[in-house]
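Descriptive analysis of the structure
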Amino acid sequence: MSLKAAIYDPYLDTLGGGERYCLSVAEILSQNGYEVDIFWSGDQDILIRAQDRFALDLSTVKLVPDIFGLTKKRIELIEENLPENFHSRPAPNRDAFSRLKKFLNKRKVLSDYDFLFYLSDGSSPFLFAKKNFLHVQVPFVTKFTASEKFLNSLKARFIDKVICNSQFTSKFLTSFPGNKITVLYPPVDVAKLEGDVDKKKIILSVGRFDNILNAKKQDVLIKAFIKFYKQSPKTDWKLVLAGGSREVPEKNNYLLHLQEIAKSYPIHFVVNPSFEELKKIYARSSIYWHAAGFEVDEYLTPEQTEHFGMTVVEAMDSGLVPLVVAKGGLTEIVHHEKNGYIWQSIDKLADKTKLLIDTPKTLVEMSQKAHKSAQAFSKEVFAEKLLSLIRS
């Protein structure tokens, strides 16, 4: 009899780093004897798009109705099963009845699963599978009332492990006992990446084209490149900005803004690339830039930093030399002047890039060091640690 596992990610349709993390868990479980369900009532083709975006095998993973989020479909389903006089009752009773019905249904559904992997949206839910992992991607700073602390302590009893994507994220978790918190760095499928021995004069950055939580701040990178370009007006280096867009590119106002300020410079955009396309871009590129967290106070608003940086590891594995903001989880990946460089200002980024380009020997040596250090974040290492945690 197969083991049953379930995964919940409320942001699945964004297909960002957190989604790749959760879907990698789904792939690994499906390859190790589990029947895997994902609670999702949105776009039913999302797994097809995810396979293309992340190069994952999700062929045996199934989508089942979302029991956590009250989507329109879910509300209609509840409405169909309400008593005839339900809508004539006072509003507070109706609300209490709906919450109770949802709670009991959730408990019944989850009790059939051997394992549940739940991506937190900042809250801590009641989880009722035989083994429950709460995954925390974002280091929110939250102040709880006494009653909220008590309720969270009750919820924590049902959670076997709290899985964080970095040491940085784990520092902000105060609602759980330390022995339940484990750092499991995101997986990078290094076997599917490779560096090109004939690197081109390309500076690359990969990240979503939006300006919301954990913004990738491509506008900062464009300003830095323009500064670098003006310092070396005869340079034949170019900047490539690759990433996903939830909206149709022609209607993505942030992307349109970036394209406008990049006019007249050798700056190119690659929107919604497949993994295969991205792999080729990585292979040709030489330097990697990352600006998430720039000018952010990581102690007051840690959620606005890069909590880990999967694309940075991908770039390093492909032989790109990383130059990243010295914030958040990025400093757990990039160690200054050992396998890359960290920076705090646009001037420093532009100057360090020019210096690196002007010393080709250093560029090659740092590329080799970056590639070697990226192996610590391989998918094989991730899978081994994940399965070990589940079996413990």
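Coordinates for the structure precede this section.
About the criteria used
Residues numbered from 1 in each chain as written. Predicted model: local features only at pLDDT ≥ 70, side-chain atom pairs only at ≥ 80, totals over all residues. Heavy atoms only, no water. Axes fitted to C-alpha atoms, helices over the stretch in contact; angles between N-to-C directions. Helix = DSSP H or I, 4+ residues; strand = E, 2+ residues; numbered from the N terminus. Parallel < 35°, antiparallel > 145°, perpendicular 65-115°, else oblique. Left-handed = near helix turned anticlockwise from the far one by under 90°. Contact = heavy atoms within 4.5 Å. Nonpolar A, V, L, I, M, F, W, Y, C, P; charged D, E, K, R; others polar. Pairing = 2+ DSSP bridges. Buried < 20%, exposed > 50% of the residue type's maximum accessible area, 1.4 Å probe, protein only. Salt bridge = Lys/Arg side-chain N within 4 Å of Asp/Glu carboxyl O.

What follows is about the packing of helix 7 (residues 218-231) against helix 11 (residues 346-358). The interhelical angle for the contact between helix 7 and helix 11, taken along N-to-C directions, is 50°, at an axis separation of 9 Å. With respect to each other, helix 7 and helix 11 are oriented oblique. The interaxial crossing formed by helix 7 with helix 11 has right-handed handedness. Only Ile 346, Asp 347, Leu 349, Ala 350, Asp 351, Thr 353, Lys 354 and Ile 357 of helix 11 make contact with helix 7, whose side of the interface consists of Val 220, Leu 221, Lys 223, Ala 224, Lys 227, Phe 228 and Gln 231. Broken down by class, the residue content of the contact of helix 7 with helix 11 amounts to 8 nonpolar, 2 polar and 5 charged.

Spatially, 3-2-1-4-5-6-7 is the arrangement adopted by the 7 strands of the open sheet, whose pairing is parallel. The sheet terminates laterally at strand 3 (62-64) and strand 7 (181-183), the two strands that pair on one side only. Across the sheet, the mean angle from the axis of one strand to that of its neighbour is 25°, orientation sign disregarded. Judged from the 6 bridges that link them, strand 1 (residues 3-8) and strand 2 (residues 34-39) form a sheet pairing that is parallel. Residue pairing for strand 2: Tyr 8 is matched across the bridge by Phe 39.

Turning next to unusual backbone geometry. Here the phi dihedral of Asn 272 falls at roughly 55°; this positive angle occurs in a residue that is not glycine. You will see that Glu 337, though not glycine, has its phi angle at about 65°, which is positive. Tracing the chain through its elements places Glu 337 in the loop between strand 12 (321-325) and strand 13 (341-343).

Another point: helix 9 (residues 275-284). The set of residues buried in helix 9 consists of Phe 275, Leu 278, Lys 279, Ile 281, Tyr 282 and Ala 283. If you follow the buried residues of helix 9, they end up packed against helix 2 (46-54), strand 8 (202-206), strand 9 (238-243), strand 10 (267-271), strand 11 (287-290) and helix 10 (310-317).

Now for the pattern of salt bridges. Throughout the structure, instances matching the rule amount to 12 salt bridges. The shortest N-O distance in the salt bridge between Lys 227 and Asp 347 comes to 3.4 Å. Separated by 120 residues along the polypeptide, Lys 227 in helix 7 and Asp 347 in helix 11 bring together distant segments of the chain. Accessibility expressed as a relative area gives 42% for Asp 347, which makes it partly exposed. Of the charged contacts in the structure, one is a salt bridge between Lys 263 and Glu 260, with a shortest N-O distance of 3.2 Å.

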